[in-house]
Amino acid sequence: MAAAAGKLSNGKALGCCLSTSGPAVSNLVTGLLDAQLDRVPVIALTGCKPRSDQGHSEFQDIDQARLLAAGGLAYSITIADPTQLLSVIRDAIAIAFTKRAAVHIAIPVDIQVATVASPPARVLSCSPETLLQRVKAGPPSDASLQRLAALLTAEGERICFAIGCEARDAGPEILALAHRLNAPIVRKLVEVTTDSFGLAMHFEAELSVTADVATVCKRLVEFLPKSLAELSSSAMHAATVVCGGRYVWWASIERAEAMALETNANRVIKALRARVARKAGLSTDVAAPRQPAPTLRAPTAMLKTVARSSYCHQAQLLARLGPRLGANDVVCVDTGDITLWTSLSLRLRRGSVVLSSERLGTMGYALCAGIVASAQRGPSATGIVIAGDGGFQMTLNELGTAIQMNSRLVIIVIDNKVLGRVEFGFNNAQGCALAGPDYLALARAYGADGIQLTDDSQIDAALDAAFAASGVFMLHVVSDPDVKAEMATYKPRGIVKVDSA
């Protein structure tokens, strides 16, 4: 929840969690590593035995700092003296913000109750806010902007924007730049990030610029040709601008959203099919006039199989969920096959926020993130929790927390009684069958309400009821265990396999 809170604030607020000693600390490991890997500033403050009792096999006494530092946290320390506390907290907060990392401080019980009458001036010599200013990006250089403009306007290039968390407040500047470039599609990458900690390690950029995202977009317009007629275009080549992509969950901007179906689903697929046809020695004409974007429909062409009767299809549900999303709603997606289904089937609105466990892939994340989203955004927003039955059972006890905090949640549990990503992702996987409770009975036992869906005809009425509810409402979606979500695989070279459907 603390990691989700920090992520929801664009990394501008510090997520904080408190715990007692022993297993309370060891249970923090997954959440803190989730924050660490997704570059979210989080601080954990934990209690521990009095200094004189540590290391003597006392009840719930573990070496907390060693445990969490070994797990990869940027900073983990046990306080040794009361006068040390203020300066350590100052440094920990500064590290959390400047490195976009998770930090931990263990405070022995005897120090928690101690009084520091007059702390030395040196422990207050520098505030975390002052340290944070040191790593803020300055304005981009003209030389960097000229190189970037030359790359983006080169012959045979088309542009797509991949918008990360830190660029969320740069919407107007990004839109203006996108309209000038006549964006999207995806291939070559140029990257704009606010500091060196944001440089991506999982893809190679043609050019990286470290500067304020909004300023880069605003100034870059000055270096580009004044009209679209001066820009070259090609349907076979593309470039991508990655803006503020530190702990990235991808969100399309308005122009990309308007062109996505036309550009990606039609132009790119036609071009790929033509390429495959040429390799097979066939003749085909891929040139076609640009057509208006087609009306949104459920992406049935992406489905491996069609659901049998007595089942509700998750793709149909997610496709119809999109138009109902409010501007302030937050979509929280769990890890597993449900991640693929959501990316294939849910169409977001402009400004929609999605929370997920990007790097660690933590099952059970969505419910915790939904509770945070509801708490931070208030009663005008709905937290949309999308989880499979395997992931939901990892943290289903937090239904109690959701009810206690008066959360407004729509919880969608896709129940196919199988760990789908393992079952479908590996050959001859064993032990993937999954038992589960009566999810509606469980929700009602906690004080929530809900509906079970066993047919696509129930979807619209169920969604209407869920969004009309004022508290926690569960949609228990009984889905076909044989229906599989296709995973897209990036193939940089060689033949691209195109499904005939």
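Bear in mind that the values here come from a model prediction, so they are computed numbers and not experimental data.

The rules we used
- Residues numbered from 1 in each chain as written.
- Predicted model: local features only at pLDDT ≥ 70, side-chain atom pairs only at ≥ 80, totals over all residues.
- Heavy atoms only, no water.
- Helix = DSSP H or I, 4+ residues; strand = E, 2+ residues; numbered from the N terminus.
- Contact = heavy atoms within 4.5 Å.
- Areas by Shrake-Rupley, 256 points an atom, 1.4 Å probe, with all protein chains shown as cover.
- pLDDT = per-residue confidence, 0-100.
- Buried < 20%, exposed > 50% of the residue type's maximum accessible area, 1.4 Å probe, protein only.
- Arc of directions from axis to C-beta.
- Pairing = 2+ DSSP bridges.
- Right-handed = clockwise from strand over helix to strand, strands pointing away.
- Polar contact = N/O pair within 3.5 Å; in protein donor to acceptor, adjacent residues only side chain to side chain.
- 1 Å grid on protein atoms, 1.4 Å probe; cavity = no way out; pocket = protein on both sides within 12 Å on 5 of 7 lines; lining within 4 Å.
- Points joined across faces, edges and corners; volume = space filled by probe spheres on them.
- Nonpolar A, V, L, I, M, F, W, Y, C, P; charged D, E, K, R; others polar.
- Domains from an automatic or database assignment.
- Axes fitted to C-alpha atoms, helices over the stretch in contact; angles between N-to-C directions.
- Salt bridge = Lys/Arg side-chain N within 4 Å of Asp/Glu carboxyl O.

Draft legend 1. Spotlight on the overall build of the protein chain. When its secondary structure is counted, the protein chain shows 19 helices and 14 strands. Relative to all contacts within the protein chain whose residues are 6 or more apart in sequence, the contacts with residues 24 or more apart total 80%. As presented, the protein chain carries roughly 23,900 Å² of accessible surface, and 54% of it is formed by carbon and sulfur atoms.

Draft legend 2. Quick look at the confidence of the model for the protein chain. In this model, the protein chain carries a mean pLDDT of 78, and residues with pLDDT of at least 70 account for 72%. Contacts from residues 233-238, a stretch scored under 50 in pLDDT, to residues over four places away or in other chains number 21 contacts. pLDDT under 50 marks residues 282-305. Its contacts with residues more than four places away, or in other chains, come to 35 contacts.

Draft legend 3. Region of the structure containing helix H19 (residues 459-468). Burial in H19 covers these residues: Ile459, Ala462, Leu463, Ala466 and Phe467. Seen from one end, H19 has its buried residues packed into an arc of 125 degrees, which puts them on one side. Facing away from the buried side of H19, by more than 90 degrees, are the exposed residues Ala461 and Ala468.

Draft legend 4. Fine view of the pairing of strand S14 (residues 472-478). Among the seven residues of S14, seven are classified as buried, and the element is accordingly described as predominantly covered. Alternating positions in S14 separate into two faces, Val472, Met474, His476 and Val478 on one and Phe473, Leu475 and Val477 on the other, with burial throughout. Alignment of strand S13 (residues 449-453) against S14, held across five bridges, turns out to be parallel. Across the sheet, Ile451 pairs through a bridge with Leu475, a residue of S14. Regarding topology, H19 serves as the crossover connection from S13 to the parallel S14, and that connection is right-handed.

Draft legend 5. Layout of helix H10 (residues 213-223). Val213, Ala214, Val216, Cys217, Leu220 and Val221 are the residues of H10 that are buried. Seen end-on, H10 carries its buried residues on one side only, within an arc spanning 165 degrees. Structurally, the start of H10 carries an N-cap: the backbone nitrogen of Ala214 is 3.4 Å from a side-chain oxygen of Asp212.

Draft legend 6. Main features of the layout of surface pockets. The volume enclosed by the second largest pocket comes to roughly 620 Å³. In this structure, the second largest pocket is lined by 24 residues; those nearest its centre are Met1, Asn27, Leu28, Gly31 and Cys368. Mapped by element, the contributors of at least two residues to the lining of the second largest pocket are helix H1 (2-8), strand S1 (15-19), helix H3 (29-37) and helix H14 (365-377). Among the elements that line the lining of the second largest pocket, the one with the most residues is H3, at four residues. Looking at side-chain class alone, the lining of the second largest pocket contains 15 nonpolar, seven polar and two charged residues. Counting contributing residues per domain, the lining of the second largest pocket is built from domain 1 (1-134) and domain 3 (314-478), each supplying no fewer than three.

Draft legend 7. Geometry of the environment of Ala429. In this fold, Ala429 is placed in the loop between helix H17 (420-425) and helix H18 (439-446). Overall, the relative accessible area of 23% leaves Ala429 in the partly exposed class. When residues no more than four places from it in sequence are discounted, the contact partners of Ala429 are Val422 and Glu423.

Draft legend 8. Quick peek at the sheet that holds strand S3 (residues 75-78). Read across the open sheet, the four strands follow the order S1-S2-S4-S3; overall the sheet is parallel. Two strands in the sheet have a free side with no partner beyond their single neighbour: S1 and S3. When the angles between neighbouring strand axes are averaged without regard to direction, this sheet yields 10 degrees. Relative to strand S4 (residues 102-108), strand S2 (residues 42-48) is paired through seven bridges, and the arrangement is parallel.

Draft legend 9. Geometry of the pattern of salt bridges. Counted under the stated rule, the structure contains eleven salt bridges. One salt bridge in this structure joins Lys7 and Asp38, with 2.8 Å as the shortest N-O distance. Placement of the pair is Lys7 in helix H1 and Asp38 in the loop between H3 and S2, with a sequence separation of 31 residues. Classification of Lys7 as buried rests on a relative accessible area of 1%. With a relative accessible area of 1%, Asp38 lands in the buried category. With a shortest N-O distance of 2.9 Å, Asp142 and Arg219 are connected by a salt bridge. Of the two residues, Asp142 sits in helix H8 (residues 142-152) while Arg219 sits in helix H10, which places them 77 residues apart along the sequence. Judged by relative accessible area, which is 41%, Asp142 ranks as partly exposed. Taken together, the salt bridges that share partners define one network made up of Arg320, Arg324, Asp460 and Asp464.

Draft legend 10. Here's a closer look at the environment of Pro481. Among the secondary structure elements, Pro481 is positioned in the segment after S14. Assessed through its relative accessible area of 27%, Pro481 is described here as partly exposed.

Draft legend 11. Highlighting the pairing of S2. In terms of residue burial, S2 counts as a mostly covered element, since six of its seven residues are buried. Relative to S2, S1 is paired through five bridges, and the arrangement is parallel. Considered in S2, the bridge of Gly15 is made with Val42.

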